[in-house]
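Examination of the molecular architecture
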Amino acid sequence: MKCITETECSEWLLQHGVDETPYGHGLSRGVHYIQFAPPTSNEDISHFVQALVKSLGNFQGCLLQIHDWMYDSEYEEDPTSSIRLRCGEGRSIKEAPGFVFEPSELSDAIELCALILERDWTAYLYLTSKAATLLLWEGALVDFWSNDAKVEKHVHAELCRSNLRITHRYKG
């Protein structure tokens, strides 16, 4: 895993041909979109994130960019510090809000996604494979975009299996 700055996140996205922050850009032909409410109990969140990522296809790595976070630095350390320390990262979440995960680091990516949902933070998950982009939105909603109807079908099936509330679905 590698932590990167906001500028480096934009460079990563450009290099990998992935659209940056698709929320609010409208839905075009060929784009499949689902918005849903994630599980609310912390014990269900990790299991769900693992199943969701599995439904996205073969994990080839990702960029997870945290956009909005909150913690009381007077009473607790940065909740991402244990993940950061594993790769020798000394910068704060403010200095380096992006996390690039390699294919062998799937469990760390799942751990961080679960933390983001549990803490009601906001982050984009961009897959290196370009199979999908997810917006984890303040722990309350998840937006999913994909140009691949097969991936959308697998994600939809997982949402139904997990008995989660779908708030919007669009097949382009």
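Each remark here, short or long, concerns the structure printed above.
Residues numbered from 1 in each chain as written. Predicted model: local features only at pLDDT ≥ 70, side-chain atom pairs only at ≥ 80, totals over all residues. Heavy atoms only, no water.

What follows covers the nonpolar core. Most often, soluble globular proteins have nonpolar side chains that are buried together. Residues Leu64, Phe99 and Phe101 are the most contacted members of the largest nonpolar core, which totals 41 residues. If one sorts the elements of this core by residue count, helix α4 (residues 106-118) sits on top with eight residues. Ignoring sequence-local partners within four residues, the contact set of Phe99 consists of Met1, Lys2, Cys3, Cys62, Leu63, Leu64, Ile66, Thr80, Ile83, Arg84 and Leu112. Among the nonpolar cores identified, the runner-up in size contains 13 residues, and Ile4, Trp12, Tyr124 and Tyr126 belong to it. (Core = buried A, V, L, I, M, F, W, Y, C linked by side-chain atoms within 4.5 Å. Buried < 20%, exposed > 50% of the residue type's maximum accessible area, 1.4 Å probe, protein only. Helix = DSSP H or I, 4+ residues; strand = E, 2+ residues; numbered from the N terminus. Contact = heavy atoms within 4.5 Å.)

Taken as a whole, this structure holds five aromatic pairs when the rule is applied. Where Tyr33 meets Trp145, the ring centres are 5.6 Å apart and the plane angle is 50°; that geometry is what we call tilted. Taken together, the residues span a long stretch of sequence, with Tyr33 in strand β2 (residues 32-36) and Trp145 in strand β7 (residues 141-146) at a distance of 112 residues. Among the residues examined, Tyr33 registers a relative accessible area of 8% and is labelled buried. (Phe/Tyr/Trp six-rings, centres within 6.5 Å; stacked < 30°, edge-to-face > 60°.)

So, on to unusual backbone geometry. Unlike most non-glycine residues, Asp120 shows phi in positive territory, near 60°. According to the relative accessible area criterion, Asp120 is partly exposed, its value standing at 45%. Despite not being glycine, Lys130 shows a phi value in the positive range, around 65°. Structurally, Lys130 can be placed in the loop between β5 (122-127) and β6 (133-137).

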